[in-house]
Structure formats: structure tokens, C-alpha cells
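# Coordinates in review
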Amino acid sequence: MPLSDLPTPRKTPGPLQSLKGVRVLSLALNLPGPAALMRCRQMGASCVKLEPPAPQGAPAGASGDPMKQYNATAYAALHAGVRTATADLKTERGQKLLHRELAKADVLLTSFRPSALAKLGLTWKALHQQHPHLSQVAIVGSPGERAEEPGHDLTYLAENDLVTGLELPATLYADMGGSLMASEAVLQAVMHQRSKAKGLYLEVALSGAAAYLALPRAWGLTRAGAAVGGGHAGYRVYPCKGGRVAVAALEPHFAASLCAAAGVEGSGMKAMFAPATHQAIAGWLLGKTRKELDKLAAEKDIPLHTLAN
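Attention in this report is confined to the structure presented alongside it. (Residues numbered from 1 in each chain as written. Predicted model: local features only at pLDDT ≥ 70, side-chain atom pairs only at ≥ 80, totals over all residues. Heavy atoms only, no water.)

### Observations regarding the nonpolar core
- Leu19, Val24, Val137 and Val186 are the most contacted members of the largest nonpolar core, which has 24 residues in total.
- Of all elements in the fold, only α1 (32-42), β4 (107-110), β5 (135-140), α7 (153-159), α8 (173-196) and α9 (206-213) reach the threshold of two or more residues within this core.
- Element by element, the count of residues in this core is highest for α8, at five residues.
- Counting residues in hydrophobic clusters, the runner-up holds 21 residues, among them Cys240, Ala262, Met272 and Trp284. (Core = buried A, V, L, I, M, F, W, Y, C linked by side-chain atoms within 4.5 Å. Buried < 20%, exposed > 50% of the residue type's maximum accessible area, 1.4 Å probe, protein only. Helix = DSSP H or I, 4+ residues; strand = E, 2+ residues; numbered from the N terminus.)

Dropping the structure here:
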């Protein structure tokens, strides 16, 4: 085939700029708020963040956001393309700066307890009266009457049965899930503003984000013995030679490919739950190196991923 007849490769589309022209002001610290702001920036929003002064005695260039002290790399990634400024909201000067920015913003992002917002004069009633065009997305720990309760990612996961042993979860699921819900709320607020020409208050609870992530567990999908809870021999983590292998051969055609490669007879649903099938696949995988399994996965179209111990 001549080169001129080859199809032109499609260009990879860039991210949708759904929030282009939208101005988001954030007062949110730590992880969920800045992660939501990062998502808004990626969707084209113009993002500004006001941070409290750095703690007394902090080195030059320190931030009032504790994340910069915990992990400067994470802080830098979260705030790339975000204009930051220092504002002590407990002072008249800080309040003036805040309200100058609020007058220009479309959406305010916060992550304080309601009582803390009230002390700063930032109740929704006061905000809406002073800046009727403005929407607010308030990230809280728990909704309603529980919004004043102390908590963090780990406690929200625990109350939704997502902490199943003594090891910490591999990532901050509630915080990151909450950040996605908050960026979704920003989109909702902007759509409302465009149709109603006035601001909207939306609340995002991190405990609610954890509860949403926990739905498959609440439904029984990931309980011990369920199809994706270790009951199906094609959906498990097994030891292999020099590491581990995560196998996700859940669909019948993938399970058939796995069983054929392992020399296991029968790959129907009932067979995949049988102890003998588990034992046969486990024994076969234990004798294979990670390199062998990676090659086999590509050749036989088996969904698996090898990991080091």
C-alpha cells in the first residue's frame, strides 16, 4: 500500500476547557480543596487561592497551607498554574483583599467547618447578600449536623467499612473522591449561574465521597467470596515467582483464556468458584516469573498485571 493511501493518524484531543472564562477563588487548604482547584484549572478555569500567613518562625517562602510542609512536591503539582496570595482573613486588610477577589470570582471554594466560616463573616447568607452573582462550593467532613465533627480521610473510610486491616489504605480515597465531587459541583454551579444569573450554594461531604466509593462493598460485590471479593479464581492477587500478579480475568472469554493457558479444564462460572480451580491457577502462577506472565498476558489477551513484592 502506498504511503499516500495510509489513513491519517487522528490527533489526540486535548482536555475539554469546560470552565474556560470561569474564575474560581479558593480558600481551601490541605488536599481535597487544592485537588478540586487543580481539576478546575485543568478544565480551563482561572484559579486564585488565598492562603493564611505561614506559621511564626517558618522559613522564608513557607506557605500557610500545611501541605507545603508535608510534601512540597504534592503542593507544587496541586498549585501549578494557580495564582496564590497571602491573606490573613482575621484582619481588616485580609478581608478587603478577600472581598476584592470575591467581587471578581464566579465560584468560591472552601473547606472550613461552618463555625469557622461564620467567624470570618463567610456564611452563605452574608456572601450571597454581598455577592449575589457568586456561587460557593463548601467541602465539609460530614453533612448537616455532623459538619462540626472532627475527622479525616481515614475515619471516613473506616465508617464506611473501607479499612479492612491494620495497614493504611494505599491512597487518600475520600479526599480525592471528594475533590472530584467538588469539581463536579463547580460545573453544576456554573451551569446554574448561566441559566439563572445568580449564585448557588453546594456542599460536598468527604464522608459522602467515602460512602459513594463504598457502594460496591455495600452491595456485596467486594465481600469475601463474592465475584470480585476473591470468590472468582480469575479475579484475585496471587503470588508468582519473584513477585505478585493481579489477575482480572472476570469475563467468560478472559476466564477461558486464563484457564487454557494454565491447563485448567472448564472455565464456566461455577468452575471459576471451585476450590480446585483456585488451587490449580495458584500453583501455575507460582511457577511463572513476572516477565513470563507479562509476555503471556500480551500473547493470550489475559488482563493481568505483575507487581514486585
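Continuing now.
### Looking at the pairing of strand β7 (residues 235-240)
- Note that β7 and strand β8 (residues 243-248) share six bridges and pair antiparallel. Bridging from a neighbouring strand, Val237 pairs with Ala246 of β8.
- In textbook terms, the turn of a hairpin is the stretch between consecutive antiparallel strands, and for β7 and β8 this stretch comprises two residues, one of which, Gly242, has a positive phi near 85°. (Pairing = 2+ DSSP bridges.)

### Let's talk about the state of the cysteines
- Taken as a whole and assessed by the stated rule, the structure comprises zero disulfides.
- Cys240 takes part in no disulfide bond, and the closest cysteine sulfur to it belongs to Cys259, at a distance of 18 Å.
- What makes Cys240 buried here is its relative accessible area of 5%. (Disulfide = S-S within 2.5 Å.)

### Concerning the packing of aromatic side chains
- If you walk through the whole model with that rule in mind, you get one aromatic pair.
- Ring centres 5.8 Å apart and planes at 45° place the aromatic pair Trp124 and Tyr201 in the tilted group. You can see Trp124 sitting in helix α6 (residues 124-130) and its partner Tyr201 sitting in strand β6 (residues 201-205), a full 77 residues away along the chain.
- Trp124 sits in the partly exposed class, given a relative accessible area of 23%. (Phe/Tyr/Trp six-rings, centres within 6.5 Å; stacked < 30°, edge-to-face > 60°.)

### With respect to the sheet that holds strand β2 (residues 46-51)
- Judged by pairing direction, the sheet is parallel, and its six strands sit side by side in the order β3-β2-β1-β4-β5-β6 without closing on themselves. At either margin of the open sheet sits one strand with a lone partner, and together these are β3 (83-86) and β6. For this sheet, the mean angle separating the axes of adjacent strands, direction not counted, is 20°.
- Pairing of β5 with β6 involves five bridges; the strand directions are parallel. Note that in β6 the partner of Gln136 across the bridge is Tyr201.
- The sheet strands contacting α1 are β1 (23-26), β2, β4 and β5, and the helix crosses β2 at an angle near 160°. (Axes fitted to C-alpha atoms, helices over the stretch in contact; angles between N-to-C directions. Contact = heavy atoms within 4.5 Å.)

Interpretation note: all reported values are geometric properties and have no functional meaning in isolation.
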